[in-house]
Amino acid sequence: MAKLIAQSGHSLDLPRRRVTLGESSACDIPLATGLGLAARHFEIEPSPEGNYVVRDVSGGAGTLVNGVMVQEQVLHHGNVITAGGLRLGFWNTELPQQPE
């Protein structure tokens, strides 16, 4: 099961579909205001291989994975996603499928 873990210790199981995160209440996962996030800041989407991919959709505000600015990045167990003042740990205890 893949999940996001906030610094507060709260966790959220990720569904096996694309989800958007940001300050807008229209996001699949609306986040608190005041953290410097865009209305729609980033998306997380499962790939057919079983990985999850984070994609910046902030329009320039930026999304980082392990301190590196990314547009799109495959997430690995233990990665840290940073957007504005938000830091989320990515936890995935399922192993992705290996191509044959």
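As the structure is a computational prediction, the values presented were derived from the model and not from experiment. (Residues numbered from 1 in each chain as written. Predicted model: local features only at pLDDT ≥ 70, side-chain atom pairs only at ≥ 80, totals over all residues. Heavy atoms only, no water.)

J.: Residue-level account of unusual backbone geometry, with values.
T.: One non-glycine residue, N66, adopts positive backbone phi at about 55 degrees. By the secondary structure assignment, N66 is in the loop between β7 (63-65) and β8 (68-70). We classify N66 as partly exposed; its relative accessible area is 47%. (Helix = DSSP H or I, 4+ residues; strand = E, 2+ residues; numbered from the N terminus. Buried < 20%, exposed > 50% of the residue type's maximum accessible area, 1.4 Å probe, protein only.)

J.: Help me get a handle on the sheet that holds strand β10 (residues 80-83), residues and values and all.
T.: Across the sheet, 6 strands lie side by side as β2-β1-β11-β10-β7-β8; this open sheet has antiparallel pairing. Each edge of the open sheet carries a strand with a single partner, namely β2 (11-13) and β8. On average, each strand axis in the sheet is inclined to that of its neighbour by 30 degrees, with strand direction left out of account. Pairing analysis gives 4 bridges linking β10 to strand β11 (residues 86-92), with the strands arranged antiparallel. Residue V80 lies in a different strand from β11, and its bridge partner there is G89. (Pairing = 2+ DSSP bridges. Axes fitted to C-alpha atoms, helices over the stretch in contact; angles between N-to-C directions.)

J.: A description of the sheet that holds strand β6 (residues 52-56) should follow, citing residues and the corresponding values.
T.: The mixed open sheet is built from 5 strands, whose spatial order is β4-β3-β5-β6-β9. Whereas interior strands pair on both sides, the edge strands pair on one side only; in this sheet they are β4 (29-30) and β9 (72-75). Bridging between strand β3 (residues 19-22) and strand β5 (residues 42-46) involves 3 bridges; their strand directions are antiparallel. Bridge pairing in β5 links L21 to F42.

J.: I'd like a description of the pairing of β5, backed by residues and values.
T.: Buried residues dominate β5, accounting for 4 of its 5 residues. With 5 bridges connecting them, β5 and β6 associate as antiparallel partners. Bridge pairing in β6 places P46 opposite Y52.

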